[in-house]
Amino acid sequence: MNQTAIRLTQISTIPPCLGVLAASIWLAASVANSQPAVAPPAAEPDTAEAEKLGSEWVRVKKDDKGTPLAMQTAIIRYRSTPEAGKPAVVVDLVGAVHVGDAAYYEVLNKRFEQYDALLYELVAPEGTRIEPGTKASSRHALGAMQNGMKSMLELEHQLEKVDYTKENFVHADMSPDEFFESMKAKEESFLKMYFRLMGQSIAHQQAMNAEGATPDIDLMQALFAKDRPRRLKIAMAGQLAEMESLLTAFGGEEGSTLITERNKAALEVLREQIDAGKTKLGVFYGAGHLDDMGKRLEKDFGLKPVELTWLDAWDLRAKSK
């Protein structure tokens, strides 16, 4: 996998964070302990009510007392209306977070085997393959941030744990040239998108503070807690879930290259796979893409959401002594 592809993958897949959160990540990365990560058991997915389908892609699951149990990602199944003599088409939108527990990626790897085709995101030249064990480069700021998160939270990186060499894996994204040409045509820049998202983040944080929430204080306290990795995960999980929801503003017909145009490219590949006779397909993309993508499946493909499954991406439970 070439360095351009790695760099663009990091830019396009890392969930953006609040400025104070980003600063805290850098601080925590410099003081993270070196205790070995212990993979939690894979969560048993649970299915939600039909009216909730497509309304949420990342959440923090809590018990009856409000104690965080896990940060979870959604898998939402879309199905076509059966037609005489034709099999139904099933498409699963599989929400991704790009650093997670080892068990999370083990569950995903097993699930991916069931699809006729598994479409995945990667801004890279056509034909690029991610070799097993590929590591995010720390030479780019966001890659270094991902690696810092992996270390301090005792998590694993998606590129290292997902097996992209399987025969049913299909690249479904823009090339670097297409990506930058689209940004130029839309008069976009990463700096503009960053400040736009930062403005939304600040407004959201102010609303949280007005409600009595103290995410920044919780994060700073977690940095000095005895069970720092778990406490940091709890402090960050809610913010990351909210940041994924803020990315929906970059979708829609007048949306950005980052979300809208890449989603269009992915669904062109999906159309090709369906036309080739594939009937059970998965689309593995960052959770921030999937609100827009789900709407396109309904509008352009005539598919309807029929089932929601949650997977534990981060285990937030206290470890037994």
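Residues numbered from 1 in each chain as written. Predicted model: local features only at pLDDT ≥ 70, side-chain atom pairs only at ≥ 80, totals over all residues. Heavy atoms only, no water.

Caption draft 1: Summary view of the overall build of the protein. Assigned secondary structure in the protein consists of 11 helices and nine strands. Evaluated residue by residue, the protein yields a buried proportion of 52% over its 321 residues. The long-range fraction of contacts in the protein, counting pairs at least 24 apart against all pairs at least 6 apart in sequence, stands at 78%. In the form shown here, the protein has an accessible surface area of approximately 15,000 Å², with 52% of it arising from carbon and sulfur atoms. (Helix = DSSP H or I, 4+ residues; strand = E, 2+ residues; numbered from the N terminus. Buried < 20%, exposed > 50% of the residue type's maximum accessible area, 1.4 Å probe, protein only. Contact = heavy atoms within 4.5 Å. Areas by Shrake-Rupley, 256 points an atom, 1.4 Å probe, with all protein chains shown as cover.)

Caption draft 2: Region of the structure containing the packing of aromatic side chains. One pass over the structure, following the stated rule, counts seven aromatic pairs. Ring centres 5.1 Å apart and planes at 70° place the aromatic pair Tyr120 and Tyr164 in the edge-to-face group. Note that Tyr120 is positioned in strand S5 (residues 117-120) and Tyr164 in the loop between helix H5 (158-161) and strand S7 (169-171), a separation of 44 residues in sequence. Ring geometry for Tyr164 and Phe169: centres 5.7 Å apart, planes at 80°, overall edge-to-face. Like Phe169, Tyr164 is buried. Chaining the aromatic ring pairs together yields one cluster made of Phe112, Tyr120, Tyr164, Phe169 and Phe284. (Phe/Tyr/Trp six-rings, centres within 6.5 Å; stacked < 30°, edge-to-face > 60°.)

Caption draft 3: Structural view of helix H6 (residues 176-185). For H6, the set of buried residues is Pro176, Phe179, Ser182 and Met183. The buried residues of H6 occupy an angular sector of 135° when projected down its axis, which confines them to one face. Exposed and facing more than 90 degrees away from the buried side of H6 are Asp177, Glu181, Lys184 and Ala185. (Arc of directions from axis to C-beta.)

Caption draft 4: Local environment of the pairing of strand S8 (residues 280-286). Counted residue by residue, S8 has six buried out of seven residues, so it is predominantly covered. Sheet topology note: the strand S3 (residues 90-96)/S8 ladder contains seven bridges and is parallel. Among the inter-strand pairings, Gly95 is bridged to a residue of S8, identified as Tyr285. Pairing between S5 and S8: four bridges, direction parallel. (Pairing = 2+ DSSP bridges.)

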